[in-house]
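Residue-level structure breakdown
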Amino acid sequence: MTNPKTPSPADSPPIWAPGTTGSETPNTARVRDYWLGGSHNSAPDRRLAEQFTLCAPQLPYLVRTHRNFLRRVVTRLVRDGVRQFVDLGSGMPTVGNVHEVARRSAPECRVVYTDIDPVVVAESRELLAGDDLTAYLHADIRRPEQILDSPDLLGLLDLNEPVALLAIDVLHHVPDSAEPARLLTTCAEGLGPACRLALSHTGCDELLIDALRLYSDIYSKPLPEFAFRSSAEVRDLLAGFEVTEPGLVPIPLWLPDDETEPDQNPEHFSGCAALARRR
Ligand SMILES: C[S@@+](CC[C@H](N)C(=O)[O-])C[C@H]1O[C@@H](n2cnc3c(N)ncnc32)[C@H](O)[C@@H]1O
């Protein structure tokens, strides 16, 4: 396998985010930032990143594959006239996040980020301080009313104008018992008739599942149950939507552009992506 381009874990000063953390408690959202080449991470985050990559070398590649899809799909949505975004399970809004991508061509874009992790929410709000066109909600996707009824969302977005709902690499945190297809439909219905949905989902990949089990065994750190899904199962999640071109496809093959990493070896990534509209 080609080594993913993981940055070296030096204790370097911040180069991107103003709020580089000094936290002693590692956080997987900061690990993700590290794999994306950001600087909102600390030495403990980078140590955790190295442990993960030892067992699951495909993880940084997967993270960047999802992030590259986010860039392509947000760019497409902006080109289609969308100026408002609701991002489910956002993580830290650092390198290449929604507002950054959207505002490259439309500075007026508004973004509502959401996450269940209070540490992620608190640090993200610091990172976004002073940006009046973003809000960061502390919300659980399984409780759509926490998002749809939020005064911050209702104050920032005009639901008479198109909104894009983004579910990028997050629905594996939502088991079938929580009815993710219904949650997506409820969120989309609450965001207006022109709501579009962009979704990428990590696949049900034995190599990845074994690698995460190995990590858990070696470091005695139990991981939550992840609902990784096959493309057929992801298609079921989209039952309330009409998938638009190019369909539900492997993530790097969703309208690749010049910046898409050329390595499309299916062993290096797992999962599918789609853009859809409400039926
Ligand atoms: C794998 S990360 C993906 C982050 C981001 N979407 C991206 O593509 O970089 C998943 C994020 O979802 C959040 N999350 C997990 N379960 C959630 C839930 N039930 N509601 C909201 N956020 C959740 C986690 O805290 C984490 O930040």
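Definitions and cut-offs
- Residues numbered from 1 in each chain as written.
- Predicted model: local features only at pLDDT ≥ 70, side-chain atom pairs only at ≥ 80, totals over all residues.
- Heavy atoms only, no water.
- Helix = DSSP H or I, 4+ residues; strand = E, 2+ residues; numbered from the N terminus.
- Buried < 20%, exposed > 50% of the residue type's maximum accessible area, 1.4 Å probe, protein only.
- Contact = heavy atoms within 4.5 Å.
- Areas by Shrake-Rupley, 256 points an atom, 1.4 Å probe, with all protein chains shown as cover.
- Near = heavy atom within 4 Å.
- Polar contact = N/O pair within 3.5 Å; in protein donor to acceptor, adjacent residues only side chain to side chain.
- Nonpolar A, V, L, I, M, F, W, Y, C, P; charged D, E, K, R; others polar.
- pLDDT = per-residue confidence, 0-100.
- Pairing = 2+ DSSP bridges.
- Axes fitted to C-alpha atoms, helices over the stretch in contact; angles between N-to-C directions.
- Parallel < 35°, antiparallel > 145°, perpendicular 65-115°, else oblique.
- Salt bridge = Lys/Arg side-chain N within 4 Å of Asp/Glu carboxyl O.

1. Quick notes on the overall build of the chain
Within the chain one finds 10 helices and eight strands. In the chain, which comprises 279 residues, the share counted as buried stands at 53%. Of all intrachain contacts in the chain linking residues separated by at least 6 positions in sequence, the fraction that spans at least 24 positions is 71%. Accessible surface for the chain amounts to roughly 12,500 Å². Of this, 52% is attributable to carbon and sulfur atoms.

2. Let's talk about the site of the ligand
In the vicinity of the ligand, 17 residues are found, and the nearest of them are Arg-32, Arg-67, Gly-89, Asp-115 and Ile-168. Between the ligand and Arg-32 there is a distance of 2.9 Å, counted from an oxygen atom to a side-chain nitrogen or oxygen. The separation between a nitrogen atom of the ligand and a polar main-chain atom of Ile-141 is 2.9 Å. Considering the ligand on its own, with 600 Å² of exposed area, one finds that the protein chains cover 90% of that surface. Taken together, the residues that form the shell around the ligand break down as five nonpolar, five polar and seven charged.

3. Concerning the confidence of the model for the chain
Residue-level pLDDT values for the chain average 89, and 89% of them are 70 or greater. Throughout residues 1-20 the model reports pLDDT below 50, and contacts reaching past four residues in sequence, or to other chains, amount to 43 contacts.

4. Some points on the pairing of strand β3 (residues 134-138)
In terms of residue burial, β3 counts as a mostly covered element, since four of its five residues are buried. Direction of pairing for strand β2 (residues 110-115) relative to β3: parallel, over a ladder of five bridges. By the bridge assignment for β3, Tyr-113 is matched with Tyr-136.

5. Brief notes about the environment of Val-234
Tracing the chain through its elements places Val-234 in helix α10 (residues 231-237). What makes Val-234 buried here is its relative accessible area of 0%. Remark: the alpha-carbon pair of Val-234 and Ala-181, spanning 53 residues in sequence, is separated by 9.0 Å. Each residue touching Val-234, except ones within four places of it in the same chain, is listed here: Leu-199, His-201, Arg-229, Leu-248 and Cys-272.

6. What about the packing of helix α1 (residues 28-35) against helix α2 (residues 43-55)?
Running from N to C, α1 and α2 cross one another at 75°; their axes reach a closest spacing of 9 Å. Between α1 and α2, the angle falls in the class roughly perpendicular. Where α1 abuts α2, its residues Thr-28, Arg-30, Val-31, Tyr-34 and Trp-35 lie against Asp-45, Arg-46, Leu-48, Ala-49, Glu-50, Phe-52 and Thr-53. For the contact of α1 with α2, the residue count by class is six nonpolar, two polar and four charged.

7. A few points about the pattern of salt bridges
Evaluation of the coordinates by the stated rule reveals 13 salt bridges. For Arg-229, the salt bridge is made with Asp-176, and the minimal N-O distance between the two is 2.8 Å. Taken together, the residues span a long stretch of sequence, with Arg-229 in the loop between α9 (206-219) and α10 and Asp-176 in the loop between β4 (164-168) and α8 (180-190) at a distance of 53 residues. Residue Asp-176 is classed as exposed on the basis of its relative accessible area of 56%. One salt-bridge network, in which partners are shared between bridges, spans Arg-30, Asp-45 and Glu-123.

8. Some thoughts on the pairing of strand β1 (residues 84-87)
By the alternation rule, side chains of β1 split into Gln-84 and Val-86 and Phe-85 and Asp-87, which are all buried. Where β1 meets β2, four bridges bridge the pair, whose relative direction is parallel. In the strand pairing of β2, Val-86 is matched with Val-112. As paired elements, β1 and β4 share three bridges and run parallel to each other. Pairing of Val-86 across the sheet is with Leu-165, part of β4.

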